[in-house]
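Close look at the chain arrangement
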Amino acid sequence: MIHLASNSPRRRELLAGLGIDFEVQVIPGIDESYPEDMPAKDVAEYIATKKSVPYITEGTDNVVITADTVVVCDGMIMGKPADEADAKRMLHALSGKTHQVYTGVCIKHGGGEKHFSVCTDVTFKQLSNEEIDHYVREYKPYDKAGSYGIQEWIGYVGITGINGSYYNVMGFPVQRVYEELRRL
């Protein structure tokens, strides 16, 4: 049985799109900290792997998938915003720039594991204050790394370029996950 260890509705939607039977199983309270000196590009994979630790697959046919996504702009990690002001600050920082979205995934099975990360470059146009205010007010992106969802209004009007997986920016590199599951 495949278990998706994530509360993310986007990850559930994307995994379901593969036509694979799975269950959502989340152990609450897992520490998502990482070493302060860790390169930003390695953080998502590190956290995804750390999230997999409490799940036991050894001696079973179970497969557990954990994931984490970070947005990196100018070398700085942007997590989920703390509040409205933080969300607006992040969007202003992303405005007019190209940033990276890293999603780390750990697939744990039969006592072994495979972990990897996928990077996508995303470019925003110069966003106006009105666009940022509207998006934060109407969409409340407080559960999203970098304060935005590519599949929402801000993605429609603000993203001028993407190099890599669109689904990775949504928080789950579903094509790579599919390939890794096929190898099992």
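The notes below deal with the structure included here. (Residues numbered from 1 in each chain as written. Predicted model: local features only at pLDDT ≥ 70, side-chain atom pairs only at ≥ 80, totals over all residues. Heavy atoms only, no water.)

1. Quick word on the state of the cysteines
The following threshold applies: Here, two cysteine sulfur atoms that lie within 2.5 Å of each other are counted as a disulfide.
Counting across every chain of the model gives zero disulfides. Looking at Cys106, it has no disulfide partner, and the nearest cysteine sulfur is the one in Cys119, 19 Å off. The thiol of Cys119 is not disulfide-bonded; the next cysteine sulfur, from Cys73, is found 13 Å away.

2. What to know about the layout of surface pockets
As a reminder of what qualifies: Cavities and pockets were defined on a 1 Å grid built over protein atoms only: a cavity is a set of grid points that admits a 1.4 Å probe from which the probe cannot escape, a pocket is an open set flanked by protein on both sides within 12 Å along at least five of seven lines, and lining residues are those with an atom within 4 Å of any such point. Grid points are joined across faces, edges and corners, and a volume is the space filled by probe spheres set on the points. Numbering of helices and strands runs from the N terminus, with a helix taken as a DSSP run of H or I at least four residues long and a strand as a DSSP run of E at least two residues long. Side-chain classes follow a simple rule in which Ala, Val, Leu, Ile, Met, Phe, Trp, Tyr, Cys and Pro form the nonpolar group, Asp, Glu, Lys and Arg form the charged group, and the remainder, Gly included, forms the polar group.
Taken as a whole, the largest pocket spans an internal volume of roughly 730 Å³. Along the walls of the largest pocket sit 38 residues, with Arg11, Glu32, Lys51, Asp68 and Lys80 positioned nearest its centre. Only α1 (9-16), α2 (40-52), β3 (63-73) and α6 (166-170) provide two or more residues apiece to the lining of the largest pocket. The element that contributes the greatest number of residues to the lining of the largest pocket is β3, accounting for six residues. Grouping the constituent residues of the lining of the largest pocket by class yields 20 nonpolar, ten polar and eight charged.

3. Digging into the packing of helix α3 (residues 84-94) against helix α4 (residues 129-139)
Selection rule: Fitted lines through C-alpha atoms serve as axes, helices being fitted only where they are in contact, and the angles separating the N-to-C directions of these axes extend from 0 to 180 degrees. Here the word oblique covers every angle except those under 35 degrees (roughly parallel), over 145 (roughly antiparallel) and from 65 to 115 (roughly perpendicular). Less than a right angle of anticlockwise turn of the near helix away from the far helix marks a crossing as left-handed, whereas a clockwise turn marks it as right-handed. Contact criterion: two residues are considered in contact whenever any of their non-hydrogen atoms come within 4.5 Å of each other.
α4 packs onto α3 with a crossing angle of 135° between their chain directions and a minimal axis gap of 10 Å. For the element pair α3 / α4, the angle class is oblique. The element α3 and its partner α4 pack so that their crossing is right-handed. For the pair formed by α3 and α4, the contact residues are Glu84, Ala87, Lys88, Leu91 and His92 on the first element and Asn129, Ile132, Asp133, Tyr135 and Val136 on the second. Along the lines of polarity and charge, the residues of the contact of α3 with α4 split into five nonpolar, two polar and three charged.

4. A short note on the side chain of Ser147
Selection criterion: The cut-offs for exposure are 20% and 50% of the maximum accessible area for each residue type, with area from a 1.4 Å probe on protein chains only; residues under the lower value are buried, those over the upper are exposed, and the others partly exposed.
Structurally, the position occupied by Ser147 is in the loop between α4 and α5 (153-158). The class of Ser147 is buried, set by a relative accessible area of 0%. When near neighbours in sequence (up to four residues on either side) are disregarded, Ser147 contacts Gly79, Pro81, Asp86, Ala87, Met90, Leu91, Tyr135 and Pro141.

5. Some details on the packing of aromatic side chains
Note the following rule: Ring pairs are drawn from Phe, Tyr and Trp, using the six-membered ring of Trp, whenever the two centres fall within 6.5 Å, and their geometry is named by plane angle: stacked under 30 degrees, edge-to-face over 60, tilted for the rest.
One pass over the structure, following the stated rule, counts three aromatic pairs. Judged by centre distance (5.2 Å) and plane angle (20°), the ring pair of Tyr135 and Tyr139 falls under stacked. Residue Tyr135 and its partner Tyr139 are both found in helix α4; the two are separated by four residues, about one turn of the helix. You can call Tyr135 buried: its relative accessible area is 0%. On the basis of an interplanar angle of 85° and a centroid distance of 5.4 Å, the ring pair of Tyr166 and Tyr167 is categorised as edge-to-face. Under the relative-accessibility criterion, Tyr167 is labelled partly exposed at 40%.

6. Points about the environment of Gly112
Within the secondary structure, Gly112 sits in strand β6 (residues 112-124). Between the alpha carbons of Gly112 and Met78 there is a distance of 31 Å; along the sequence they are 34 residues apart.

7. Structural notes on α3
Inclusion rule: The directions considered for the arc run from the helix axis to the C-beta atoms. Polar contact is the term for a pair of N or O atoms within 3.5 Å; when the atoms are in protein, one must be able to donate a hydrogen and the other to accept it, and sequence-neighboring residues count only if both atoms are side-chain atoms.
Among the residues making up α3, those that are buried are Asp86, Ala87, Met90, Leu91 and Leu94. Buried residues in α3, looked at end-on, bunch into an arc of 135°, giving them a common side. Buried positions along α3 lie against β3, β4 (76-78), β5 (98-109), β6 and α4. The N-capping residue of α3, defined by a side-chain oxygen 3.3 Å from the backbone nitrogen of Ala85, is Asp83. Of the residues trailing α3, Gly96 is marked for its positive phi of about 75°.

Take it as geometry only, folks, not as evidence of what the structure does.
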